[in-house]
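Survey of secondary and tertiary structure
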Amino acid sequence: PDVPRELQIADFLDPVYSDLFHDGRVLVINDVTTDPRTTRRAAGYQALGVLAQLLVPFVHEGQWRFIITLQKSEPYAWLPGQIELVEDLAPRLYL
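In this report, we go over the structure that sits alongside the text. A quick note: this is a predicted structure, and the numbers were derived from the prediction, not measured.

Inspection of the secondary structure assignment puts Q53 in strand β2 (residues 52-60). At 3.2 Å, the side chain of Q53 forms a polar contact with the side chain of Y45. Setting aside its immediate chain neighbours within four residues, Q53 contacts L27, V28, I29, Y45, T69, L70, Q71 and W78.

Moving on, we get to the pairing of β2. Among the 9 residues that make up β2, 7 are buried, leaving the element largely enclosed by the rest of the structure. Judged from the 3 bridges that link them, strand β1 (residues 27-29) and β2 form a sheet pairing that is antiparallel. Bridge pairing in β2 places V28 opposite L54.

Another aspect to go through is the sheet that holds β1. The antiparallel open sheet is built from 3 strands, whose spatial order is β1-β2-β3. On the outer flanks of this sheet lie β1 and β3 (63-72), each paired with one strand and no other. On average, each strand axis in the sheet is tilted by 10° relative to the strand beside it, whichever way the strands run.

Structurally, D19 is set in helix α1 (residues 17-22). When its relative accessible area of 48% is taken as the criterion, D19 is described as partly exposed. Counting along the chain gives 45 residues from D19 to W64, while the straight-line C-alpha distance between them is 9.9 Å.

Summed over the entire model, instances satisfying the criterion amount to 2 salt bridges. Among the salt bridges present, the one from R25 reaches D23, with a minimum N-O distance of 2.9 Å. Classification of D23 as exposed rests on a relative accessible area of 52%. Among the ionic pairs, R37 bridges to D35, the shortest N-O distance being 2.7 Å.

If you look at the biggest cluster of nonpolar residues, it comprises 11 residues: Y17, L20, F21, L27, I29, V32, A42, Y45, V50, L51 and L55. Mapped by element, the contributors of at least two residues to this core are α1, β1 and α2 (42-47). By residue number, the principal contributor to this core is α1, which donates 3 residues. If near-sequence neighbours (up to four positions away) are discounted, L20 is found in contact with R25 and L27. Counting 9 residues, the second-largest nonpolar core is a separate cluster that includes A52, F58, W78 and A90.

Parameters at a glance
Residues numbered from 1 in each chain as written. Predicted model: local features only at pLDDT ≥ 70, side-chain atom pairs only at ≥ 80, totals over all residues. Heavy atoms only, no water. Helix = DSSP H or I, 4+ residues; strand = E, 2+ residues; numbered from the N terminus. Polar contact = N/O pair within 3.5 Å; in protein donor to acceptor, adjacent residues only side chain to side chain. Contact = heavy atoms within 4.5 Å. Buried < 20%, exposed > 50% of the residue type's maximum accessible area, 1.4 Å probe, protein only. Pairing = 2+ DSSP bridges. Axes fitted to C-alpha atoms, helices over the stretch in contact; angles between N-to-C directions. Salt bridge = Lys/Arg side-chain N within 4 Å of Asp/Glu carboxyl O. Core = buried A, V, L, I, M, F, W, Y, C linked by side-chain atoms within 4.5 Å.

Take a look at the structure:
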């Protein structure tokens, strides 16, 4: 799909998610069109070809440092082992 040159995270995530990320909590979205946390912004996700996503924040010394985001172009039920793998990967990526 054609992707705009500039995207704002606020176009895709409600501000309430920052609390999740600052606390290091994973956000699992199996279908952006049916998950109540994303239905309002589903059209924006679909325009980018995203229908499922897994967001794994990394918190170090009490500070939110980054998020690893995996996305699928179709609805997808993320498996516990996949979530654990990304959670284990995050601290290895922090420099």
